[in-house]
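What follows is each chain in one-letter form.
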Amino acid sequence: MNKIILCSLLGSAVALPLLFASSPVSAAEVKVTWENAEKYTDVRPANESRKRFRERTLAALEEHIVELASKLPESQKLTMTVTNVDLAGQVWPSQFVGFGVGAANDVRVIQRVDIPRMTFSYTLSDEQGAVISSAEEVQLKDMNFMESNIRQNRGDTLSYEKIMLEDWFNDTFTTNVAANEE
């Protein structure tokens, strides 16, 4: 079983050759494992190597998860194992979408039928290791992603996926987030 583990402890992360900025110190501990990432449904680049794009994309998604977890109490630990990612849209050769034969680059075309999806398991535990919340297989998808309010991430290439994760996080951990804000 091939796994990529990118992030850990209190929001600071070391990812393959990447380094993230640290999240607030009061953040919950986070560990994300990207299982068999090279076999995900769609983490396909338009204009760079698959490996580099996959690493950059998963690192950006993980950084967003760490940012979301900063709302949780620091005594908690969120562990996620991601088993599939399917980005919004599809990558097509540029000549197939009307850019002509001379255009060398592929393009990601976003259509309503190509929804973002992510499959993962998670466990949120307290400082003693007692499970607060968990699920074996979350099949996250946003069928309404094109109608979503693209808030602060409008220029972000992963805005649909980040909003989908944010909505799931807020729906799943509202009690834990509210307790941390008091």
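Residues numbered from 1 in each chain as written. Predicted model: local features only at pLDDT ≥ 70, side-chain atom pairs only at ≥ 80, totals over all residues. Heavy atoms only, no water.

1. Description of the pairing of strand β5 (residues 77-86)
Two elements, strand β4 (residues 29-35) and β5, share six bridges in a ladder whose sense is parallel. Directly across from V30, in β5, lies its bridge partner L78. Taken together, β4, helix α1 (residues 50-69) and β5 form a β-α-β motif whose crossover is left-handed. Direction of pairing for β5 relative to strand β8 (residues 117-125): antiparallel, over a ladder of nine bridges. Bridge assignment links D86 to a residue of β8, and that residue is R117. (Pairing = 2+ DSSP bridges. Helix = DSSP H or I, 4+ residues; strand = E, 2+ residues; numbered from the N terminus. Right-handed = clockwise from strand over helix to strand, strands pointing away.)

2. Things to note about the pairing of β8
Bridge analysis of β8 against strand β9 (residues 131-141) gives eight bridges, and the strand direction is antiparallel. Paired with F120 across the two strands is V138, which belongs to β9.

3. Section: the environment of F173
Inspection of the secondary structure assignment puts F173 in the loop between α2 (159-172) and α3 (174-181). A C-alpha to C-alpha distance of 9.4 Å links F173 and K71, two positions 102 residues apart in sequence. F173 has contacts with L72, L78, Y122, L124, S133 and W168, leaving out every residue within four places of it along the chain. (Contact = heavy atoms within 4.5 Å.)

Keep in mind these values describe shape, not function.
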